[in-house]
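# Observations on chain architecture
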Amino acid sequence: MNRIPSLHVPGPSVIARAAQSGRPTVGPETIHRVQTTNGITVLVRPNPSAPVVMLEGCLRAGSVSEPPGLTGLASFTASLLSRGSANYDFDRYNEAVESVGASISVGGGSHTTNFGSESLVEDFPLIVEILADILQRPTFPAEHIERVRGQWLVRLQEREQSTRSVSYRRFNEMIYGDHPYALPTSGYIETIREISRDDAVSFHRDHYHPNQAIIVVSGDVDPEGAVALLESHFGGWRSGAEPPPPADTIPPVTGANGIQRKSFPMPGKVQSDVVIGCLAIARNHPDYHAVQVANNILGQFGMMGRLGENVRERQGLAYYSYSALDADIGVGPWVAFAGVNPQNVDQAVDSILNEFERLGNEPVSDEELSDSIANMTGTLPLRLETNDGVASILLNMEWYGLGLDYLQTYQARINAITQEDVQRVASQYLRTDSYTLVTAGPDANGN
Amino acid sequence: MGAESRERARENGGVQKTCLDNGLQVILKESHLAPVASFWIYYQVGSRNEAPGVTGISHWVEHMLFKGTEKYPQGAFDKAVARAGGAFNGMTWQDWTTYFETFPAERIELALDVESDRMANAIFDAEETESERTVIISEREGSENSYRWLLNTEMQAAAFQTHPYRHPVIGWKQDLLTMGRAELYEHYRTFYTPNNAVAVAVGSFDWGEMVDRIEQYFGGLEKGPTVPVMRLQEPEQRAERRIVLRGADQTSYIGLAFHAPAAQHKDFFPLTVLDSILSGAKGMGLFGGGSSNRSNRLYRALVDKELTVGVTSSFMPTIDPYLFGFSATLAHDVTHQEVEDAIWAEIERVQKEAVSAEELDKAIKQTKAQFAYSSESVTNQAYWLGFSEMIADSEWFEGWLENLEAVTADDIQRVAQTWFGRNKQTVGWYLPEL
C-alpha cells in the first residue's frame with residue numbers, strides 16, 4: 001500500500017556527488033543569479049527532492065524609513081497587502097491561496113520588508129501571480145485597516161504581558177537610546193492608533209520599489225522557467241528613485257556608555273526574564289566570525305555553552321540560559337538571556353557577568369575551540385536540508401553581499417579563528433564595565 | 001537483506017519494519033535527498049502513565065537522561081553530538097517520550113551509540129537529580145507566566161476526572177517538590193526497556209546496513225518485564241463544566257473542549273477533516289505550522305466579524321480518547337458569552353448542514369500540501385513514523401491519507417452530532433481581574 005505521495009528521487013546527480021566530497025552544494029555552480037532590468041536580483045536554486053517550492057524575498061522598505069511618531073508603519077503596511085489588491089480582494093485572495101494549501105507572508109523589518117511563499121510546485125505560478133499583485137497593487141480597503149488595527153492592538157497588549165517580549169523590547173530601547181534601532185518594528189499601542197490609510201498608501205508608494213529587491217526561489221523548478229515566471233509578473237514594476245545604501249539610512253550607532261540596570265515589575269507573573277548584553281558589531285564587520293565562534297562557546301554549544309553549563313546544569317537556576325549575536329546593517333548587541341525565579345535573579349546575573357569576564361580574561365581551551373568550530377561547520381548540512389533553510393540563507397547572503405561561494409568558504413573562515421581571536425573579541429565587546437541589564441517579571445519583594 | 005525485500009520496502013512506501021529479539025521495534029526509511037539522517041527512539045511512556053503524587057515524572061526522567069551515564073558522563077553526551085555537527089533534543093508528551101539526533105549522514109552511528117547507552121545506563125546521580133528539580137520548576141514557572149497556559153491546564157484538569165490526561169505533562173508543582181530519586185529511577189527502569197521502545201531512522205543510509213548496526217548497538221540490551229497496563233478509562237461526561245480564571249493580564253481568552261475519540265477509532269478521520277474545515281490543515285512538522293486559515297469557517301465567523309483576533313480548533317491523535325478543542329483570543333470590547341455563542345453557532349451549523357464538496361476538497365489538498373512540506377525533512381519524517389507507532393501502528397500511518405480522502409460530508413455531520421453537545425463540553429474563560 002503506497003498512498004503517501006511519493007517523492008521523485010533524483011538519480012545519481014551532481015548534488016549527491018558533491019555531498020560525498022563534503023563540500024556544500026549550494027554555491028556558484030548550483031545557484032542561478034540574474035538581475036531584472038528594473039533592479040530585482042533573482043536567485044534560483046533548483047532542488048528536485050520534493051514537489052514543493054519556497055520563495056523568499058525582500059524590498060527596501062524598512063522601519064528605519066518610518067516618519068516620526070508612526071512607529072510600526074512598515075509592519076502595519078505589510079500586513080495590509082493581503083487585505084485587498086487590484087486582482088485579489090480579501091475573499092478571493094484567501095480562497096485562492098488556501099484552497100491549494102499554500103501560504104504567503106509579508107512582514108516588516110528594520111531595513112526591509114520581507115515576503116515569502118510556500119506552495120506545491122504545481123501551484124507556484126498562481127502564487128507568484130498573487131504575490132506580485134499584492135506587493136505592487138494593494139488597495140488598502142478602509143474597513144480592513146480598522147479590522148487589522150483592532151487585531152494589532154490586542155497583539156501588542158499581549159506583547160506587553162509577556163516577560164520575554166517586554167525584557168527584550170526594553171533592552172533595545174535602553175541600549176540604542178535615540179537610534180531608530182531602539183524602536184520595535186511592531187510599533188506601540190499609541191503609534192499604531194495614529195496610523196491612517198494615507199500613511200500606509202504613502203509608505204507603499206514611497207518605498208515599495210523593485211530597485212535593490214531580492215527574490216530567492218528554492219524548489220522543484222528549472223531556473224530559466226522560474227526566472228521567466230518572475231519576469232512576467234515583476235518585470236513591469238516601475239523602478240523608483242534608487243535607494244541609498246542601507247548603511248546610509250541610519251545614523252551611526254553610538255550606544256550606551258557605562259552600566260545601565262533596570263527592572264520592570266509585571267504583576268501576576270511567576271518567573272523573571274533577564275536580558276543582559278553589550279553593543280558589539282555589524283554583520284559586515286571583520287570580527288563577525290570570531291564573535292560567532294566566541295558566542296557559540298559562551299552560550300550555544302551543546303546544552304547552550306558555558307552559560308547553560310553554569311546557570312542551568314551546575315546551579316539549576318534556569319530552564320534556559322543562552323546567548324546570541326544580533327548583528328544587522330548597523331551595530332547590533334551581543335546578548336545573554338535567562339528565565340529565572342525572581343529570588344535567583346541576582347545570582348544568575350552575577351554568573352552571566354562572570355562568564356562574560358572569563359571569556360575575555362582567559363583563553364578558551366583547545367577542546368572548546370575545536371568543539372565549537374566542529375559544531376558550526378558540521379551543522380551546515382542540516383541547515384541546508386530543506387528549501388526553507390536554503391532560501392533564507394541565500395537571501396541573507398545576497399542582502400549582506402557575502403558572495404555566492406559563501407557557504408563553500410565558510411568552513412575555512414571558521415577554521416581560521418584562533419583562541420586569541422575569541423579572547424580579543426570577548427574582552428573588546430563583552431564589557432562588564434559597560435552593559436545593559438533588563439529584568440521583567442514579578443517584584444522580587446513579592447508585591 | 002536481499003534484493004527482494006528491498007523491492008518490497010520500496011513498494012511499502014519506503015518504510016521497512018523489523019523487530020529485534022529483545023522486542024525493540026525498528027522502523028527505517030531511506031531518503032537520499034540530502035546528505036543527512038535522523039535517528040529517534042520512542043518510549044511508550046508519558047503523563048498518561050503517571051499516578052497522582054508523581055505527576056511530571058516521565059518528563060523529569062527525560063531530563064535525567066541528559067545528565068550522564070558512565071560512558072558519557074554529565075556534559076559529555078551533548079558535547080559529543082554537537083561536536084559531530086548534530087542537532088538533538090528530547091520531548092515528553094502524554095503518550096510517549098522521545099529522543100532524537102539528526103546528523104550529517106555519515107555520523108549517524110553516534111546516535112545509536114548514545115541512545116543504546118542511555119536506554120539502560122543513565123546514572124540518576126543524587127546531586128544532579130536535585131539540581132534538575134529546580135530547572136524543571138523553572139521550566140514550569142516560565143509556562144505559568146502565560147494565562148493561556150494556565151487556562152488550558154485548568155480546562156484539561158476539569159475535562160478529565162479519572163484519566164491521567166488530566167495532569168499536565170510537566171506535572172503539578174507539589175509533586176515536583178516532593179518526588180525523589182528513587183521514584184524517578186524506578187520509573188526509568190520500568191519503562192525504558194527495548195520491548196517498550198521503537199527506534200526510527202530516516203535518511204541517507206542503506207537500510208540493510210542500518211538494521212545490522214541497530215542490532216549491534218541495541219541487540220545486547222536485555223528485554224524488560226511487560227510494562228504496567230494503564231487501565232483507567234474516563235467515564236462519560238454528563239454535565240457541562242465551567243472554568244473561570246481571573247488574572248492580571250488584560251487580554252481575554254476562551255476555550256471549549258469536548259471528549260473525542262482515540263486515533264484508532266473510526267471517527268478519528270472524519271473529525272480530523274472537520275478540524276481542517278473549521279480552521280485549516282495543521283502542520284506535520286515538529287513545531288506546528290500549518291495552512292493559513294482565513295477562508296475557513298471559524299476565522300470567517302469570529303475574526304472577520306471582529307469578535308476575536310485569532311481562533312483555532314485542535315484535534316490530535318492519541319492512544320486513549322482525548323479532546324477536540326476550540327480556542328480564541330478575544331477582540332477588545334467583546335464578551336466571552338458572545339464569542340462562546342458564535343463558536344456554538346458554528347458547531348450547530350456542522351451538526352445541521354452537510355459541508356460542501358469544495359470544503360472537503362480543500363481540506364484534502366491542504367493536508368497533502370502539509371505532507372509534502374514536511375517530507376523535505378528527515379527529522380519530521382522520523383518524528384511522524386515514530387509517534388504513529390506510539391499511538392496506533394504503521395498501518396494507521398500508511399492508510400492515513402487514504403482514510404482522510406474517504407471521509408464524506410455525511411460522516412462529518414454524524415461525528416459533529418455524536419461528539420459535540422452542551423452537556424459534553426468543558427468551557428474555560430480567562431478574564432482580567434477587575
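Thresholds applied
Residues numbered from 1 in each chain as written. Chains lettered and ligands numbered in written order. Predicted model: local features only at pLDDT ≥ 70, side-chain atom pairs only at ≥ 80, totals over all residues. Helix = DSSP H or I, 4+ residues; strand = E, 2+ residues; numbered from the N terminus. Rg over C-alpha atoms; globule rule 2.2 N^0.38 Å. Buried ≥ 20, exposed ≤ 12 C-beta atoms within 10 Å, placed from the backbone. Expected span 1.5 Å × (residues − 1). Arc of directions from axis to C-beta. Contact = placed C-beta atoms within 7 Å. Pairing = 2+ DSSP bridges. Axes fitted to C-alpha atoms, helices over the stretch in contact; angles between N-to-C directions. Core = buried A, V, L, I, M, F, W, Y, C linked by C-beta atoms within 7 Å. Domains from an automatic or database assignment. Nonpolar A, V, L, I, M, F, W, Y, C, P; charged D, E, K, R; others polar.

## Some details on the overall build of chain B
Secondary structure assignment for chain B yields 17 helices and 13 strands. Taking 434 residues into account, the globule formula puts the C-alpha radius of gyration at 22 Å, and chain B, at 23 Å, falls close to it. Each principal axis of the C-alpha atoms in chain B carries an extent, and together these give about 60 × 55 × 40 Å. Looking at chain B residue by residue over its 434 residues, the buried ones come to 54%.

## Looking at unusual backbone geometry
Negative phi characterises most residues that are not glycine, and trans characterises most peptide bonds. Even without being a glycine, A:M304 presents a positive backbone phi close to 75°. The topology assignment puts A:M304 in helix α11 (residues 301-314). Phi at B:F124 is positive, roughly 55°, even though this residue is not glycine. Tracing the sequence through the fold places B:F124 in the loop between α4 (109-120) and α5 (126-144).

## Things to note about helix α13 (residues 366-378) of chain A
A rise of 1.5 Å per residue sets the reference length of α13(A), with its 13 residues, at 18 Å; its end C-alpha atoms lie 18 Å apart and thus fit the reference within 8%. Those residues of α13(A) not exposed but buried are A:L369, A:D371, A:S372, A:N375 and A:M376. Viewed end-on, α13(A) has its buried residues packed into an arc of 165°, placing them on one side of the element. The exposed residues of α13(A) that point more than 90 degrees off its buried face are A:D366 and A:E367. Buried-residue contacts for α13(A) involve α10 (288-299), α11, α16 (406-415) and α17 (419-429) of chain A together with α3 (76-83) of chain B.

## Some details on the sheet that holds strand β1 (residues 15-19) of chain B
All names here are of chain B. Taken in spatial order, the six strands make up an open sheet running β1-β2-β6-β3-β5-β4, and their pairing is mixed. Each having just a single partner strand, β1 and β4 (87-92) make up the two edges of the open sheet. Neighbouring strand axes in the sheet, compared pairwise and without regard to direction, differ in orientation by 15° on average. Sheet analysis places strand β3 (residues 36-43) next to strand β5 (residues 97-104), joined by eight bridges and oriented antiparallel. Residue F39 lies in a different strand from β5, and its bridge partner there is E101.

## Looking at the nonpolar core
Counting residues in each nonpolar core, the largest one holds 186 residues, and the members touching the most others are A:A294, A:A348, A:V422, B:Y42, B:A199, B:V200 and B:A201. Broken down by element, the residue count for this core peaks at eight residues, all from helix α14 (residues 378-391) of chain B. With near-sequence residues (within four places) excluded, B:Y42 lies in contact with B:W96, B:T98, B:A197, B:V198, B:V200, B:G386, B:F387, B:E389 and B:M390. Formed by 66 residues, the second largest nonpolar core is a distinct cluster that contains A:I130, A:I192, A:F234 and A:A391.

## A few points about the domain arrangement of chain B
Residues and elements named next belong to chain B. Assigned domains of chain B: these are domain 1 (3-218) and domain 2 (241-432). Relative placement of domain 1 and domain 2: their C-alpha centres are 27 Å apart. The interface of domain 1 with domain 2 comprises 36 residues on the first partner and 29 residues on the second. Breaking the side of domain 1 that touches domain 2 down by element, the ones donating at least two residues are β1, β2 (25-30), β3, β5, α6 (147-159) and β6 (197-203). When residues of the side of domain 1 that touches domain 2 are assigned to their parent elements, the largest contribution, nine residues, is made by α6. Residue classes in the side of domain 1 that touches domain 2 are distributed as 19 nonpolar, 11 polar and six charged.

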